[in-house]
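# Inside the fold
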Amino acid sequence: MIEKEEIFQDIDINEGDLKALKLDGMLVLPNKLKKNTIEEIKKQLKNFNKITFNDQIGSIIISENQWIDNLGLCSSTSIQVILNPSLLELADAYFGEKAVLGSCRYQKKIKTHGPLPPHSDKGPGLVVFIFLNQIDEITGSTRFIKGSHLGGIKDKLTKFKHMDTDYVDPAAFNFEYSSFAVSGGPGTILIFNQKIIHDLPKISKTGREIIWATFYPQSKAYLSDDHIFSRNILAQLSESQRSRILFDGVAKGVPFMKIGGNLSVSDTYNISNFKRLYYVTSFCIFLIVEKFRALTGI
Ligand SMILES: [Fe+2]
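From a predicted model like this one, the values you see are computed outputs, not experimental measurements. (Residues numbered from 1 in each chain as written. Predicted model: local features only at pLDDT ≥ 70, side-chain atom pairs only at ≥ 80, totals over all residues.)

This part is about the overall build of the chain. Secondary structure summary: the chain contains 10 helices and 13 strands in total. The buried share among the 298 residues of the chain stands at 35%. Counted over contacts in the chain with a minimum sequence separation of 6, partners at least 24 positions apart contribute 86%. (Helix = DSSP H or I, 4+ residues; strand = E, 2+ residues; numbered from the N terminus. Buried ≥ 20, exposed ≤ 12 C-beta atoms within 10 Å, placed from the backbone. Contact = placed C-beta atoms within 7 Å.)

Here it is in structure tokens:
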């Protein structure tokens, strides 16, 4: 098992980073995690990385992505990285109050796909991506309009809405010339305000893996998703780290396992079993076609 100290040494965040995050609405900390930290995370995820069509304890497929919903069941190192003191301190300072963990998932791009249009994820939180491999324009480099989290987009919204997304008129933002595209090696950390306008150009190579977490200010803790933790992984957390998960009122007197009562990702997106089966089937066909192409060169 990896020592906690080895992870904590990886991430140092300074006052300038906080200022940049406030001003720009996003922050990239390139290549922050050590190689052995990333390898440890990948090793822990390997057993959970089985594709099924309706298994929220293992992993699920939604469209082009494979998700592990409950990292607290399988990856102590991912949880330690997300709840490391530097990130928590930054989130506390950003909100001006204690930050709590809103969600912590793993996402892998398992199919290529077209661009995601510009949008805001709304919400009062900070999103943290920990990239486990190289990020570039081929594997999936999110682009941001810096400063757009500060508002002024009401007249640029489109009619198309989703419960956690506001889509904006692409013509109102010049992504080709005025956006910032994330890039970096494995272990790069991206932090962004949920309100910032961003898009994702076409993904032409599969395999991008992300530890995807959300922090909320404690006053908005009710927005947090439920998350299942193994007792073993919770036992490895400090008192301070644990207080970010089982916030006041919920923490008192309950066992260290929280069974989900609210919506999971697939519930949020209303994915029926039939649709999940369709996603898995289409993914299998995608794999066969890719293999055929590789063999025949067509
Ligand atoms: Fe988004």
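Moving on from the coordinates now.
So, on to the sheet that holds strand S1 (residues 26-29). Spatial strand order, S1-S11-S6-S13-S4-S3-S2: seven strands in an open sheet with antiparallel pairing. Strands with a single pairing partner mark the edges of an open sheet, and in this sheet they are S1 and strand S2 (60-62). On average, adjacent strands in this sheet sit at an angle of 25 degrees to one another, irrespective of strand direction. Note: S2 against strand S3 (residues 65-68), three bridges, orientation antiparallel. Bridging across to S3, Ile61 finds its partner in Gln66. (Pairing = 2+ DSSP bridges. Axes fitted to C-alpha atoms, helices over the stretch in contact; angles between N-to-C directions.)

This part covers the pairing of strand S11 (residues 189-193). Burial analysis of S11 places five of its five residues in the buried class, which makes it a mostly covered element. Relative to S11, S1 runs antiparallel, the two sharing four bridges. Paired with Leu27 across the bridge in S11 is Ile191. Across five bridges, strand S6 (residues 126-131) lies against S11 in antiparallel orientation. Its bridge partner being in S11, Val128 is matched across the sheet by Ile191.

On to the confidence of the model for the chain, then. Note: predicted coordinates in regions of low pLDDT should not be interpreted at a detailed level. The share of residues in the chain with pLDDT of 70 or more is 85%, and the mean pLDDT across the chain is 85. For the chain, helix H1 (residues 4-8) is the element with the lowest average pLDDT, namely 62, and S6 is the one with the highest, namely 98. The model gives residues 248-260 a pLDDT under 50, and that stretch makes 15 contacts with residues more than four places away or in other chains. (pLDDT = per-residue confidence, 0-100.)

All right, on to unusual backbone geometry then. Phi at Ser63 is positive, roughly 55 degrees, even though this residue is not glycine. The exposure class assigned to Ser63 is partly exposed, which follows from the 14 C-beta atoms found within 10 Å. Even without glycine at this site, Lys122 takes up a positive phi of about 55 degrees. With respect to the helices and strands, the residue Lys122 is situated in the loop between strand S5 (116-120) and S6.

The next point concerns the pairing of S6. Of all six residues in S6, six are buried; the element is thus mostly enclosed. Pairing of S6 with strand S13 (residues 209-217) involves six bridges; the strand directions are antiparallel. Along S13, the bridge assignment pairs Ile130 with Ile211.

Take the nonpolar core next. One recurring pattern in soluble globular proteins: nonpolar side chains tend to sit buried together. Grouped together as the largest cluster of nonpolar side chains are 54 residues, with contacts concentrated most on Ile82, Val128, Ile130, Ile191, Ile211 and Phe215. Mapped by element, the contributors of at least two residues to this core are S1, helix H3 (35-46), helix H4 (76-82), helix H5 (85-95), strand S4 (99-109), S6, S11 and S13. Excluding its chain neighbours within four sequence positions, the residues that come into contact with Ile82 are Leu87, Cys104, Val128, Ile211 and Ala213. (Core = buried A, V, L, I, M, F, W, Y, C linked by C-beta atoms within 7 Å.)

Time to look at H5. Within the sequence span of H5, burial applies to Leu87, Leu90 and Ala91. Down the axis of H5, the buried side of the element spans an arc of 95 degrees, and every buried residue falls inside it. (Arc of directions from axis to C-beta.)

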